[in-house]
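Report on the structure
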Amino acid sequence: MTSIPFTDLQAQYRSIQAAVETGIRRVLDHGHYILGPEVAELERRLAAFVGSRHAIACSSGTDALLVALMALGVKRGDVVLTTPFTFFATAEVIALLDAIPVFVDVEQGSFNMDPGALERAIEAVRLADRSVYPLPRAVDVAGRKTAGAIAVDLFGLPADYESLSAVCRNSGIFLVEDAAQSFGAQFRGRKACSFGEMAATSFFPAKPLGCYGDGGMVFTESDRLADLVRSLVVHGKGTDKYDNLRIGLNGRLDTLQAAILLAKFAVFEQEAAERQKRAETYTRLLRQHCGTNVLTPEVPAGLVSIWAQYTIRLRDHSNLALQQQMQRTGIPTAIYYPRPLHLQTAFGYLGYREGDLPVAEQLSREVLSLPFSPYIQDDQQEAVIRALAEALAATPQRTATCP
Ligand SMILES: *Cc1c(COP(=O)(O)O)cnc(C)c1O
């Protein structure tokens with residue numbers, strides 16, 4: 001059996017090779033390696049696609065989140081709320097600015113921030129009262145300003161922006177959309193990357209729109225915030241980079257990566273349609289062959305996922321044990337994420353404990369992401385589901401009702 005790649009970037013390259021190489025050669029010919037015309041063109045095209053007034057290219061999704069928080073004026077000691085069930089970078093940027101991450105649990109079905117929990121967490125911070133919602137034990141939030149919240153569109157499914165925006169608006173705090181995994185997704189007719197005061201996406205190679213290195217983008221409707229971000233990504237520049245108005249960073253996207261992204265964006269809609277079909281195939285096969293042992297991903301009515309990952313939940317089996325069993329038959333899977341952020345060593349200084357955010361903790365033991373890309377074939381999907389059904393039969397069930 002030929003091996004099945006977890007994300008088939010090579011198949012994509014084979015299909016767009018000529019366009020990528022033409023784009024790269026054009027950059028090498030004109031020589032504007034930094035902020036060349038491809039960067040501005042990419043910004044124009046993605047802003048139009050998303051339906052956002054401004055798009056500013058950045059050096060990574062992490063830097064996009066960081067400059068968004070800087071532009072929004074996050075200061076040392078401010079509280080910024082986010083989810084514990086995400087990639088580390090979402091909360092890392094809060095801590096980098098010496099602000100205090102406060103974690104808000106996610107919903108079972110969507111894996112995204114629970115708006116009711118967000119409301120309670122804001123209230124708990126305001127009252128500095130852990131009985132209202134679990135707060136950090138080792139960092140005192142009494143008297144701290146709650147600046148904003150970062151919601152994440154996990155695995156390509158938008159969070160509940162109707163409710164989250166209302167909660168943030170009512171509390172007078174900003175909302176940032178971490179759309180690193182959701183470029184191309186939709187929430188009730190609006191594109192991902194258009195929610196909150198600012199949104200950040202990532203062009204890490206394995207993301208729905210990925211480059212061949214690191215890259216990211218910030219989106220906003222605000223002229224003021226867009227100007228700030230353009231300054232922040234070039235060392236806080238004013239009229240030029242030798243006129244420095246504020247402390248910033250070197251956070252630009254390379255022209256070469258922009259050229260690669262333009263070639264990939266040309267086939268993005270086609271790939272997005274293929275992602276939908278491939279996800280439907282997995283769901284159908286899973287219902288046929290794996291029954292109620294496996295929960296398939298839920299997409300609420302009115303939402304469109306871009307399927308950055310196809311992630312199942314295992315009701316009665318340990319995801320680690322299943323993963324090892326499938327690896328024996330050569331099927332790669334991934335566990336996103338094996339440890340929620342409030343239990344990560346790096347956030348130990350906050351003083352969270354196991355049990356504080358039970359949904360995220362439970363999901364970390366249940367989730368399993370299957371090999372997926374717009375280029376995966378029917379026979380490959382069938383082989384994955386066959387291996388999964390066999391692994392389920394060969395793996396002992398988790399003992400029921402462990403506390
Ligand atoms: C990938 C990712 C990031 C970071 O993006 P990079 O481009 O790798 O810096 C941030 N948040 C989430 C949810 C991600 O998946």
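This text gives an overview of the structure that appears in the document. (Residues numbered from 1 in each chain as written. Predicted model: local features only at pLDDT ≥ 70, side-chain atom pairs only at ≥ 80, totals over all residues. Heavy atoms only, no water.)

**As for the packing of helix α10 (residues 319-328) against helix α12 (residues 378-394)**
- Closest axis-to-axis distance for the α10/α12 pair is 9 Å, and the angle between their directions is 125 degrees. Between α10 and α12, the interaxial angle falls into the category oblique. Helix-helix and strand crossings are classified by hand; for α10 and α12 the assignment is right-handed. Between α10 and α12, the contacting residues are Leu322, Gln325 and Met326 on the first element and Val384, Ala387, Leu388, Ala391, Leu392 and Ala394 on the second.
- Classifying every residue of the contact of α10 with α12 by side-chain character gives eight nonpolar, one polar and no charged. (Axes fitted to C-alpha atoms, helices over the stretch in contact; angles between N-to-C directions. Helix = DSSP H or I, 4+ residues; strand = E, 2+ residues; numbered from the N terminus. Parallel < 35°, antiparallel > 145°, perpendicular 65-115°, else oblique. Left-handed = near helix turned anticlockwise from the far one by under 90°. Contact = heavy atoms within 4.5 Å. Nonpolar A, V, L, I, M, F, W, Y, C, P; charged D, E, K, R; others polar.)

**Quick notes on the pattern of salt bridges**
- Tallying each qualifying case throughout the model produces 13 salt bridges.
- The shortest N-O distance in the salt bridge between Asp378 and Arg278 comes to 2.9 Å. Note that Asp378 is positioned in helix α12 and Arg278 in helix α9 (residues 268-289), a separation of 100 residues in sequence.
- Among the residues examined, Asp378 registers a relative accessible area of 42% and is labelled partly exposed.
- Here Arg278 falls in the buried class, since its relative accessible area comes to 11%.
- Residues participating in the shared-partner salt-bridge network are Glu274, Lys277, Arg278 and Asp378. (Salt bridge = Lys/Arg side-chain N within 4 Å of Asp/Glu carboxyl O. Buried < 20%, exposed > 50% of the residue type's maximum accessible area, 1.4 Å probe, protein only.)

**Digging into the site of the ligand**
- Close contacts around the ligand come from 14 residues, with Gly61, Thr62, Gln181, Ser202 and Lys207 the closest.
- Asp178 places a side-chain nitrogen or oxygen 2.8 Å from a nitrogen atom of the ligand.
- A distance of 2.9 Å separates an oxygen atom of the ligand from a polar side-chain atom of Lys207.
- Considered on its own, the ligand offers 380 Å² of accessible surface; in the complex 93% of this is hidden by protein.
- Only α3 (61-71) and α4 (89-96) provide two or more residues apiece to the shell around the ligand. (Near = heavy atom within 4 Å. Polar contact = N/O pair within 3.5 Å; in protein donor to acceptor, adjacent residues only side chain to side chain. Areas by Shrake-Rupley, 256 points an atom, 1.4 Å probe, with all protein chains shown as cover.)

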